[in-house]
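What the coordinates show
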Amino acid sequence: MDLQCYLKERAQVVEGTLQALLPQEAVYPNVVHEAMRYSVFAGGKRLRPILCLAGAEAVGGESHKLLPIACALEMIHTYSLIHDDLPAMDNDDYRRGKLTNHKVYGEGIAILAGDALLTLAFEVMARYGYANFNAQSVLQVIGEIARASGTLGMIGGQVVDLQSEGKNIDEKTLVYIHSHKTGALFRASLRAGALLFEAEPLYLEALTNYAENFGLAFQITDDILDVVGEESKLGKPVGSDSRNRKATYPVLYGLEESRKLAKEAVEKAVASLKPLPGETKPLELLARYLYERET
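Source: prediction; values computed, not measured.

**Digging into the overall build of the protein**
Broken down by element type, the protein carries 16 helices and two strands. Here the C-alpha atoms of the protein give a radius of gyration of 18 Å, agreeing with the 19 Å that 2.2 N^0.38 yields for 295 residues. The dimensions of the protein, computed from C-alpha atoms along their principal axes, are 50 × 45 × 35 Å. Relative to its full complement of 295 residues, the protein shows a buried share of 53%. Here the contacts in the protein between residues at least 6 apart in sequence split such that 72% fall between residues at least 24 apart. Surface summary for the protein: the accessible area is close to 13,200 Å², and the carbon and sulfur share equals 52%. The average position of the 31 basic charges and that of the 39 acidic charges among the side chains of the protein differ by 1 Å.

Following this line, the structure appears as structure tokens:
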């Protein structure tokens, strides 16, 4: 399997579905719809929706039925990026090689565009979930994604991240930040597809273990790339973690130990896939690519 072809094909399918789900720019009030579409279609790997689709296939599900749910996860991710970039948060001028939302539309519209994407995501999950899946499974998925997005997930991680800037923190706090700020939505993305296809507990546990190690490997390599990466490839300035005095794995462990930890997480993620009955090759290749993109 060619991973890059797989990712490109999946991203195109997700892109087309997002085009249909988001309000058009001509819909009044125009500016907020323009701002929403600006950030959603500013690039990106579409990793969370792809993980959602791959998770379903790993338990034997038909992933095409999941596309709107998968796209809702991308809306939530994009909302978090818009808010992350704001002056009160990371104060970034560029995202994916383009001006951040607030640099184009102003802080007020950027905040509202993020709010609108989060709200639309749950509307989409409810509307398309109930049309295609068991109601109880849909409720469980909506609940898990809400939790992963809230103060016990992504927002909680962002809060502790902000509070930790400029401080010497321990390993426990660093793990909390990354497992909640980044890992929680990965976990929800992978579990969503399996839950909607009513996967057996053993399969759900395997995907959950994969998700937790995948999320850890992703964040460690992201931290490393902020130190040694190239701005032209990342689409954002390198060194922003250092400038914002953020807690990262290289700061706590150094580059070489961080690379070792990332490799260990990747191997654990791959090993977690063994019990699954469906197609798991994309998930295996994705995990290995995380480590290889940095080395």
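Read on, since the account is not over.
**Considerations on the nonpolar core**
Core analysis: the biggest nonpolar cluster contains 86 residues, and Leu22, Met75, Tyr210, Phe214 and Leu283 have the highest contact counts within it. Top contributing element to this core by residue count: helix α11 (residues 201-228), with 11 residues. Setting aside anything within four residues of it in sequence, one finds Phe214 in contact with Leu47, Leu51, Phe186, Ala269, Leu286, Ala287 and Leu290.

**Looking at the pattern of salt bridges**
Within this structure, the stated rule accounts for 14 salt bridges. Two residues, Asp161 and Lys181, come together in a salt bridge whose shortest N-O distance is 2.7 Å. Taken together, the residues Asp161 in helix α8 (residues 154-164) and Lys181 in helix α9 (residues 171-181) connect sequence positions 20 residues apart. For the pair Asp161 and Lys181, one class covers both residues: buried.

**Considerations on the environment of Val40**
Assignment of secondary structure puts Val40 in helix α2 (residues 30-40). Beyond its immediate stretch of four places on either side in the chain, Val40 contacts Leu18, Leu22, Arg46, Thr78 and Leu117.

**Section: the side chain of Ser272**
Secondary-structure assignment places Ser272 in helix α15 (residues 255-272). One polar contact links the side chain of Ser272 to the main-chain carbonyl oxygen of Lys268, over a distance of 2.8 Å. Non-local contacts of Ser272, meaning those with residues more than four positions away in its chain, are made with Ala206, Asn209, Tyr210 and Asn213.

**Here's the deal with the packing of aromatic side chains**
Going through the model one piece at a time under the given rule, you end up with six aromatic pairs. Aromatic side chains Tyr38 and Tyr105 sit 5.7 Å apart centroid to centroid with 75° between the ring planes, which places their arrangement in the edge-to-face category. Within this pair, whereas Tyr38 is found in helix α2, its partner Tyr105 is found in helix α5 (residues 101-105), the two being separated by 67 residues in sequence. Residue Tyr38 is classed as partly exposed on the basis of its relative accessible area of 23%. Among the residues examined, Tyr105 registers a relative accessible area of 22% and is labelled partly exposed. Ring geometry for Phe133 and Phe197: centres 5.4 Å apart, planes at 85°, overall edge-to-face. Residue Phe133 is found in the loop between α6 (107-132) and α7 (135-149), and its partner Phe197 is found in the loop between α10 (183-196) and α11; the two are separated by 64 residues along the sequence. We classify Phe197 as partly exposed; its relative accessible area is 24%. Pairwise contacts between aromatic rings join Phe186, Tyr210, Phe214 and Phe218 into one cluster.

About the thresholds
Residues numbered from 1 in each chain as written. Predicted model: local features only at pLDDT ≥ 70, side-chain atom pairs only at ≥ 80, totals over all residues. Heavy atoms only, no water. Helix = DSSP H or I, 4+ residues; strand = E, 2+ residues; numbered from the N terminus. Rg over C-alpha atoms; globule rule 2.2 N^0.38 Å. Buried < 20%, exposed > 50% of the residue type's maximum accessible area, 1.4 Å probe, protein only. Contact = heavy atoms within 4.5 Å. Areas by Shrake-Rupley, 256 points an atom, 1.4 Å probe, with all protein chains shown as cover. Lys, Arg positive; Asp, Glu negative; His and termini not counted. Charge placed at Lys NZ, Arg CZ, Asp CG, Glu CD. Core = buried A, V, L, I, M, F, W, Y, C linked by side-chain atoms within 4.5 Å. Salt bridge = Lys/Arg side-chain N within 4 Å of Asp/Glu carboxyl O. Polar contact = N/O pair within 3.5 Å; in protein donor to acceptor, adjacent residues only side chain to side chain. Phe/Tyr/Trp six-rings, centres within 6.5 Å; stacked < 30°, edge-to-face > 60°.

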